[in-house]
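Coordinates in review
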Amino acid sequence: MNKSIHVKELGSKDFGTTWEYQEKLFKEILDIKIKNRRENAGLETPNYFLYVEHPHVYTLGKSGDVSNLLLSEEQLKEKEATFYKINRGGDITYHGPGQIVGYPILDLDNFFTDIHKYLRFLEEMVILTLADYGIVSTRSEGETGVWLDVGTPFARKICAMGVRASRWVTMHGFALNVNADLGYFDNIIPCGIKGKAVTSLNVELGKEKIDIEEVKEKLLKHFKTLFEAELIMSQTKI
């Protein structure tokens, strides 16, 4: 089992280009697994973790309802936002500047073959990171992601999640609001859940801006511990 994970910092990159890159890495791992099964090749499969910040974009999961996007094509253009229907689980969400988006592309055969455990570990990574800032967060039963004040009228989501997996290879991932413009969430019914608010780390801490690189480091620290992984850092241009 290969528990080394290549962490690639992509910087600011449009969603479509990043999605294509994810698919390329995803296929690379799948091809090795198929070769191993057919030819007993015994090749190691690589693992990746992509960090990226997207320009304004709305993405809709394969089982999502497009009516949860409350903007027309013309209104999307006015807001300089794009829209993609994609192959992850979950409904609609927003990505944009001030948000940490993480895409782990892992062969879970290298770790554990349990997609529910995988999602819980991603949630736990965020919960532990928020705790580093003195924020108590939790899961919401029946809903993925990380929430604050669950079970109260003030429940609000701070991190969205949606993944795809095939032959235990994962793609897509999580989006944590750090310095996000929450006004963009007003244009959707987030994750298809009516009546639930969305928040950002800077809002919760009462600060104009949080050091986003510091938050990334904390996320990786907890990710490394949870997955018992070795992280290999690199800058990548795509």
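Predicted model, so just to flag it, every value in this text is computed and none were measured.

Attention shifts here to the overall build of the protein. Counting its secondary structure elements, the protein contains 5 helices and 12 strands. Over its C-alpha trace the protein gives a radius of gyration of 18 Å, about what one expects of a compact globule, namely 18 Å for 238 residues. The 238 residues of the protein split such that 54% are buried. Considering only contacts within the protein whose residues lie at least 6 apart along the sequence, 74% involve residues at least 24 apart. Carbon together with sulfur atoms contributes 50% to the accessible area of the protein, which is approximately 11300 Å² in total. Charged side chains of the protein number 30 positive and 34 negative; the gap between the two group centres comes to 5 Å.

This next bit is on the nonpolar core. Val126, Phe174, Leu176, Leu201, Val215, Leu219 and Phe227 are the most contacted members of the largest nonpolar core, which has 37 residues in total. Mapped by element, the contributors of at least two residues to this core are strand S1 (4-12), strand S2 (48-53), helix H3 (115-132), strand S8 (143-148), strand S9 (156-166), strand S10 (169-177) and helix H5 (212-227). Setting aside residues up to four positions removed in sequence, phenylalanine 174 forms contacts with Phe49, Tyr51, Ile100, Val101, Gly102, Met125, Cys159, Ala160, Met161 and Leu219.

A few words now on the side chain of serine 137. As for its position among the elements, serine 137 is in the loop between H3 and strand S7 (138-140). Setting aside residues up to four positions removed in sequence, serine 137 forms contacts with Ile127, Leu130, Val146, Trp147 and Leu148.

What follows concerns the environment of asparagine 202. In this structure, asparagine 202 sits in helix H4 (residues 201-205). Sequence-distant contacts of asparagine 202, defined by excluding residues within four places in its chain, comprise Val178, Asn179, Ala180, Lys207, Glu208, Lys209 and Ile210. There is a polar contact of 3.2 Å between the side chain of asparagine 202 and the backbone oxygen of glutamate 208.

We now examine the environment of isoleucine 189. Here isoleucine 189 is to be found in the loop between S10 and strand S11 (197-198). We classify isoleucine 189 as buried; its relative accessible area is 15%. For the pair isoleucine 189 and glycine 162, spaced 27 residues apart in sequence, the C-alpha separation works out to 15 Å.

With a phi angle near 50 degrees, asparagine 40 is a residue other than glycine that sits in the positive phi range. Relative to the elements of secondary structure, asparagine 40 occurs in the loop between helix H1 (15-39) and S2. If you check the backbone angles, arginine 167 has positive phi at about 50 degrees while not being a glycine. Along the chain, arginine 167 turns up in the loop between S9 and S10.

The rules behind each value
Residues numbered from 1 in each chain as written. Predicted model: local features only at pLDDT ≥ 70, side-chain atom pairs only at ≥ 80, totals over all residues. Heavy atoms only, no water. Helix = DSSP H or I, 4+ residues; strand = E, 2+ residues; numbered from the N terminus. Rg over C-alpha atoms; globule rule 2.2 N^0.38 Å. Buried < 20%, exposed > 50% of the residue type's maximum accessible area, 1.4 Å probe, protein only. Contact = heavy atoms within 4.5 Å. Areas by Shrake-Rupley, 256 points an atom, 1.4 Å probe, with all protein chains shown as cover. Lys, Arg positive; Asp, Glu negative; His and termini not counted. Charge placed at Lys NZ, Arg CZ, Asp CG, Glu CD. Core = buried A, V, L, I, M, F, W, Y, C linked by side-chain atoms within 4.5 Å. Polar contact = N/O pair within 3.5 Å; in protein donor to acceptor, adjacent residues only side chain to side chain.

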